[in-house]
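One letter stands for each residue in the lines below.
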Amino acid sequence: MTQPAVIAHRGCSGERPEHTRSAYERAIDQGADYIEPDLVMSRDGHLVVRHENEIGETTDVANHPHFTDRRRKQVIDGRTVQGWFTEDFTLEELKSLRARERLPELRPQSAGFDGQDTILTFAEVVEIARAGAARTGRSIGVAPELKHPSHLAAAGLDIEAAFLREIHRLELAQAGRELIVQCFEVGPLQRLAGRTNALLLQLMDTAGGPIDRPDITYADMATPQGLADIARYAGMIGVNTRMVVPWDNAGHSMAPTSLVTDAHAAGLEVVLWTLRAENHFLPAERRRGDTAAAHGDLDGYIRALYALGVDAVFSDFPAIAVQARASQSAWN
């Protein structure tokens, strides 16, 4: 069995505010194989790195009086969202903001680093990965997710074209396994197929479906026929962990599904998201202590998931995922 890859989800985002230089550099130093930036766009067409295009949760934009009038409400992928949006700011304006912890009630220690980092561009994350590779002597890949392509297109911003231009400029278009491109939508990945030899990863969740394909659900895509359809344009699927190990109504893990086996039969690699240490995110049998913020047995949980033959995991705590991998004896 090949060792599964560890993808640092938004960097070491369990210990530092997500998508920041400090989070990415810490993840690299902890042994992550990839760092993951979520990509949205500025008004002037730059690829910027935020979990969502709404930035009230992850920056200090609310503390800037001159941006008060930018706050608005809009519908994104069928959901009404109120706040400040990257597509209403230039890159220069976004660079004037400071990052903060998105989940301070669960991660107060990380919140202690609020205000120390600025918003990054995709190019800056690639530079961090390359500098990390030079520093550690390891290959450090980048796993960007294209966020809300249909919504951004409706706003006049073509994230696919911007992304293609940037990976060519950064000499990443032929990067192979050093670049994993993710999306919950189908069309962007289908259009990227053949235009880059990077790995393409179709994201899926336990409910709903791709916003650009109202004719199918993620449940449809997880069937043997759906997986065969994905394999025509992508080489990987990235799935909510509960699609592989469901939880019962009390939050306990149930027997694994056949998804890993079925995906492998279709020629697809399987990546699980997202592994976090806090009790709030763990199945009941892995929780420790009485609070949602307390850390449970993430190490044991990851080892059990590795044993199912998954090919990679996204984790907010890459050090734990790397340690769990090192403790397994089954790798060839």
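Residues numbered from 1 in each chain as written. Predicted model: local features only at pLDDT ≥ 70, side-chain atom pairs only at ≥ 80, totals over all residues. Heavy atoms only, no water.

> Provide a residue-level description of the pairing of strand β10 (residues 199–204), including the pertinent values.
On a regular strand, each side chain points to the face opposite its neighbour's, so the side chains alternate between the two faces of the sheet. Most of β10 sits out of view: 6 of its 6 residues are buried. Across 4 bridges, strand β9 (residues 180–183) lies against β10 in parallel orientation. In the sheet register, Gln182 faces β10, and the bridge partner there is Leu201. For the handedness criterion, the β-α-β arrangement of β9, helix α7 (residues 187–192) and β10 is classed as right-handed. (Buried < 20%, exposed > 50% of the residue type's maximum accessible area, 1.4 Å probe, protein only. Helix = DSSP H or I, 4+ residues; strand = E, 2+ residues; numbered from the N terminus. Pairing = 2+ DSSP bridges. Right-handed = clockwise from strand over helix to strand, strands pointing away.)

> Kindly report on helix α6 (residues 159–169), identifying the contributing residues and their values.
Buried within α6 are the following residues: Ile159, Glu160, Ala162, Phe163, Leu164, Glu166 and Ile167. After α6 finishes, the residue Glu171 shows a positive phi value of roughly 60 degrees.

> Quick rundown of the environment of Glu87? Include the residues and the values.
Along the chain, Glu87 falls in the loop between β6 (79–83) and α2 (91–95). When its relative accessible area of 7% is taken as the criterion, Glu87 is described as buried. Remark: the alpha-carbon pair of Glu87 and Gly156, spanning 69 residues in sequence, is separated by 9.5 Å. In contact with Glu87, other than residues within four places in its own chain, are Met41, Ser42, Arg43, Asn53, Arg72, Gln74, His151, Leu152 and Leu157. A distance of 3.1 Å separates a polar atom in the side chain of Glu87 from a polar atom in the side chain of Asn53. (Contact = heavy atoms within 4.5 Å. Polar contact = N/O pair within 3.5 Å; in protein donor to acceptor, adjacent residues only side chain to side chain.)

> With reference to specific residues and values, describe the environment of Ala129.
Looking at the element boundaries, Ala129 is found in helix α4 (residues 122–136). On the basis of relative accessibility, which here comes to 2%, the residue Ala129 falls in the buried class. Among all residues touching Ala129, those that are not within four sequence positions of it are Ile28, Ile35, Ile140 and Val142.

> An account of the environment of Phe122 is needed here, citing residue identities and associated values.
Residue placement: Phe122 occurs in helix α4. A residue is classified by how much of its surface remains accessible, and Phe122, at 0% relative accessible area, is buried. Put simply, Phe122 and Arg50 are 72 residues apart on the chain and 10.0 Å apart in space, counted from C-alpha to C-alpha.

> Got a sec to walk through the packing of aromatic side chains? Specific residues and values, please.
For any two aromatic rings, the description comes down to two numbers: the centre-to-centre distance and the angle of the planes. In total, this model carries 4 aromatic pairs according to the counting rule given. Between Phe184 and Trp273, the ring centres sit 6.0 Å apart and the planes meet at 85 degrees, which makes this aromatic pair edge-to-face. Here Phe184, found in the loop between β9 and α7, pairs with Trp273, found in strand β12 (residues 269–275); they are 89 residues apart in sequence, far enough to count as distant. Overall, the relative accessible area of 17% leaves Trp273 in the buried class. The structure contains a cluster of three or more aromatic residues connected by ring pairs, namely Phe184, Tyr218 and Trp273. When the ring centre of Phe113 is taken as origin, the NZ or CZ atom of Arg16, which lies over that ring, is 3.9 Å away. We note Arg276 situated over the ring of Phe281; from NZ or CZ to the ring centre the distance is 4.8 Å. (Phe/Tyr/Trp six-rings, centres within 6.5 Å; stacked < 30°, edge-to-face > 60°. Lys NZ or Arg CZ within 6 Å of the ring centre and 35° of its normal.)

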